[in-house]
Each structure stands twice: as structure tokens, then as C-alpha cells.
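So you can see what is in the structure, the chains are spelled out below.
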Amino acid sequence: LLPNLTYLRLSYNAFTGAAPEGLGELTQMKLLQLQSNRLTELPNIPELDESLYSTSTFVTDCGVPSAFDEPLECDNCTMCCNANEDCYPQEDTQIAEHLGLSYSTFAALLISCFIALSCIVALSLYLFSKRKNRGNALTTSTVRRLEEDDKYALS
């Protein structure tokens, strides 16, 4: 291909299918924008230097919701665009980065913890109310004795 190519903007074209394998061999690349096409597969493209263009260095259609059945996999993308043409930097949150989790795994873990905590609180409240009402419940034999006492009591 063109080994000294540094800037390649192919956004908003009607490209379909897999991107050419030669894109992975462009070692001088500083800017690569491929969003809003119908690319289904990307070659292994080395991480680009973000010093000039920061998050706009390598942009593809790897966002969610995706225009495809499966979102495009792109490990080195600096920004992902979705089917709504909204583009977001591909960054992990500090917590997810610290735990070594992806954003979706972290979100699922957080929701699971919330549900588990809610169940524990509900169970605790149920057991507390059962314990509180244990001494207040009148048994049928106690009620019968009270009725007999009322019958024979002096008025």
C-alpha cells in the first residue's frame, strides 16, 4: 500500500465488508477515521499516537447501539461511533480500569450487587417484623381461656 501514509479519512462512504489488511501495515499513520461505513471487520491496526489528535486519532463504528448484529471489535480505537452517529471516547472508568473489568462487566456487577443488597434488606425487614410480632400473637387456647373468664367473671 502506501507505507508513508499518515492521514486517512474514509468516513461517511458506503464501504462494506472487511477493511483491507494493508491498513495494519501503515506504521506512519497518525489519523485514521473509518466511521459511518459498513465495515464488518478490521485488521490488527497498531495503536496510534494520540498526541496530535487525542481521541479523534482512530475512529470506527464500534459503539452501541450498533448498526450490525455484533458491534465491530476494535481494541486500539480511540473513539467509537454508534448507529445513531454519536461518537464517544473509548475509555474505561477509573474503577473499571482498577478492577480490570470492561465497562459492561462492571455495570452488570454493580446492578447484581444492588439487587443482592435489596434482597438482603427485604429479608432483614421481614425477619424483624416476624420477631417483633412473635410476642403479640394470641393463640386460640389463650383466646378461649379469656372468653371463659369473661363468662364466669363477676359483673
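Report on the accompanying structure.

Basis of the calculations
Residues numbered from 1 in each chain as written. Predicted model: local features only at pLDDT ≥ 70, side-chain atom pairs only at ≥ 80, totals over all residues. Heavy atoms only, no water. Helix = DSSP H or I, 4+ residues; strand = E, 2+ residues; numbered from the N terminus. Buried < 20%, exposed > 50% of the residue type's maximum accessible area, 1.4 Å probe, protein only. Areas by Shrake-Rupley, 256 points an atom, 1.4 Å probe, with all protein chains shown as cover. Patch = residues over 30% accessible without salt bridge, like charges linked within 9 Å, V, L, I, M, F, W, Y side chains within 5 Å. Salt bridge = Lys/Arg side-chain N within 4 Å of Asp/Glu carboxyl O. Lys, Arg positive; Asp, Glu negative; His and termini not counted. Charge placed at Lys NZ, Arg CZ, Asp CG, Glu CD. Pairing = 2+ DSSP bridges. Axes fitted to C-alpha atoms, helices over the stretch in contact; angles between N-to-C directions. Contact = heavy atoms within 4.5 Å. Disulfide = S-S within 2.5 Å. 1 Å grid on protein atoms, 1.4 Å probe; cavity = no way out; pocket = protein on both sides within 12 Å on 5 of 7 lines; lining within 4 Å. Points joined across faces, edges and corners; volume = space filled by probe spheres on them. Nonpolar A, V, L, I, M, F, W, Y, C, P; charged D, E, K, R; others polar.

Assigned secondary structure in the protein consists of three helices and seven strands. Listing every helix and strand of the protein by position from the N terminus yields β-β-β-β-β-β-β-α-α-α. In the protein, which comprises 155 residues, the share counted as buried stands at 23%. Counting every atom, the protein has about 11600 Å² of accessible surface; 56% of that belongs to carbon and sulfur.

Before going further, it helps to examine a nonpolar patch on the surface. Among the surface-exposed residues, I111, F114 and I115 lie close enough to one another that they form a single nonpolar patch of about 340 Å² accessible area. Note on placement: F114 falls in helix α2 (residues 103-134). Since its relative accessible area comes to 59%, F114 is described here as exposed.

Once that is clear, we can look at the environment of S124. Along the chain, the position of S124 falls in helix α2. The class of S124 is partly exposed, set by a relative accessible area of 42%.

What follows covers a negative patch on the surface. Together, D69, E70, E73 and D75 make up a negatively charged patch on the protein surface. Residue E70 is classed as exposed on the basis of its relative accessible area of 64%.

Before going further, it helps to spend a moment on the sheet that holds strand β5 (residues 58-60). One open sheet accounts for five strands, arranged β1-β3-β5-β6-β7; its pairing is mixed. The two strands at the open ends of the sheet, each matched to only one other strand, are β1 (7-9) and β7 (87-89). Here the average twist between neighbouring strands, direction ignored, is 15 degrees. For β1 and strand β3 (residues 31-33), the ladder comprises three bridges, and the chain directions are parallel. Paired with Y7 across the strands is L31, a residue of β3.

Within the fold, A67 resides in the loop between β5 and β6 (79-81). In the structure, A67 is positioned 16 residues away from A83 in sequence and 4.9 Å away in space, judged by C-alpha atoms. Setting aside anything within four residues of it in sequence, one finds A67 in contact with R38 and A83.

Further remarks concern the state of the cysteines. According to the stated counting rule, one finds two disulfides in the structure shown. In this model, C62 is linked to C80 through a disulfide, with the two sulfur atoms separated by 1.8 Å. A torsion of -90 degrees about the S-S bond marks the disulfide between C62 and C80 as left-handed. Of this pair, C62 sits in the loop between β5 and β6 while C80 sits in strand β6, and the two are 18 residues apart along the sequence. Residue C80 is classed as buried on the basis of its relative accessible area, which comes to 9%.

Volume-wise, the second largest pocket comes out at about 220 Å³. L42, P43, E73, C74 and D75 are, among the 16 residues lining the second largest pocket, the residues nearest its centre. Here the element with the most residues in the lining of the second largest pocket is strand β4 (residues 38-41); it accounts for three residues. Its residues placed into classes, the lining of the second largest pocket shows nine nonpolar, three polar and four charged.

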